[in-house]
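Residues per chain are reported as follows:
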Amino acid sequence: MHLRFYNHERILDSGPSATVVYAVQRRDSNSGAGFGNVIVYDNLLRSGVETDSPIVGRNQGMGVGSSLAENSGLTNFQLVFTAGKYTGSSLALQGLFPVAPLGTVFERAITGGTGKFRLARGYLLTTEVRATNTTLTGQLDAYITFR
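Residues numbered from 1 in each chain as written. Predicted model: local features only at pLDDT ≥ 70, side-chain atom pairs only at ≥ 80, totals over all residues. Heavy atoms only, no water.

Asks: I keep staring at the overall build of the protein chain and nothing clicks. Help me out?
Replies: Summing up its helical and strand segments, the protein chain has 0 helices and 9 strands in all. For the protein chain, the N- to C-terminal ordering of α and β elements is β-β-β-β-β-β-β-β-β. Computed over the C-alpha atoms, the radius of gyration of the protein chain is 15 Å, within 12% of the 15 Å expected from 2.2 N^0.38 for a compact globule of 147 residues. The principal-axis extents of the C-alpha atoms in the protein chain amount to approximately 40 × 35 × 25 Å. Expressed as a percentage of its 147 residues, the buried residues of the protein chain come to 43%. (Helix = DSSP H or I, 4+ residues; strand = E, 2+ residues; numbered from the N terminus. Rg over C-alpha atoms; globule rule 2.2 N^0.38 Å. Buried < 20%, exposed > 50% of the residue type's maximum accessible area, 1.4 Å probe, protein only.)

Written out as structure tokens, the structure is:
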């Protein structure tokens, strides 16, 4: 199964409406990837790249600056579906999030799921496709198998 969604994030330090915040800030870092930093997030999942695209769920999780070089962080998160045919289901994911230029593709593991995604395994390819001073939009391509 291949599913595509768009993660709409109000970036770290973008004001009171940010969907990404520091839980622990050991080192200053614009990306949150400072070694030992912990960030939490609750981003909108939409069906399209536009900000008025229908909301299909939330991307909720945390990241830890796990690289001494401060060029990546470890993420652990859930894609929680609140609309459409996957309502009430979720996908569990984890993996590295690199500090990289717009358009870079990176991969994280799908480690499980609930509801219609029970026993899911696979991988998620993420590409950051749009950035402003306050927002970051990522294309999420989930490739799912079931055991």
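Asks: How do you make sense of the packing of aromatic side chains when you look at a structure like this?
Replies: Working definition: an aromatic ring pair is given by the centre-to-centre distance plus the angle between the planes. As enumerated under the stated definition, the model contains 7 aromatic pairs in all. On the basis of an interplanar angle of 55° and a centroid distance of 6.4 Å, the ring pair of Y41 and F77 is categorised as tilted. Of this pair, Y41 sits in strand β3 (residues 38–46) while F77 is found in strand β5 (residues 72–81), placing the two residues 36 residues apart along the sequence. Since its relative accessible area comes to 12%, Y41 is described here as buried. The interplanar angle of 85° and the centroid separation of 4.9 Å between the aromatic rings of F97 and F106 together place this pair among those described as edge-to-face. Of the residues examined, F97 reaches a relative accessible area of 29% and is grouped as partly exposed. F106 sits in the buried class, given a relative accessible area of 9%. (Phe/Tyr/Trp six-rings, centres within 6.5 Å; stacked < 30°, edge-to-face > 60°.)

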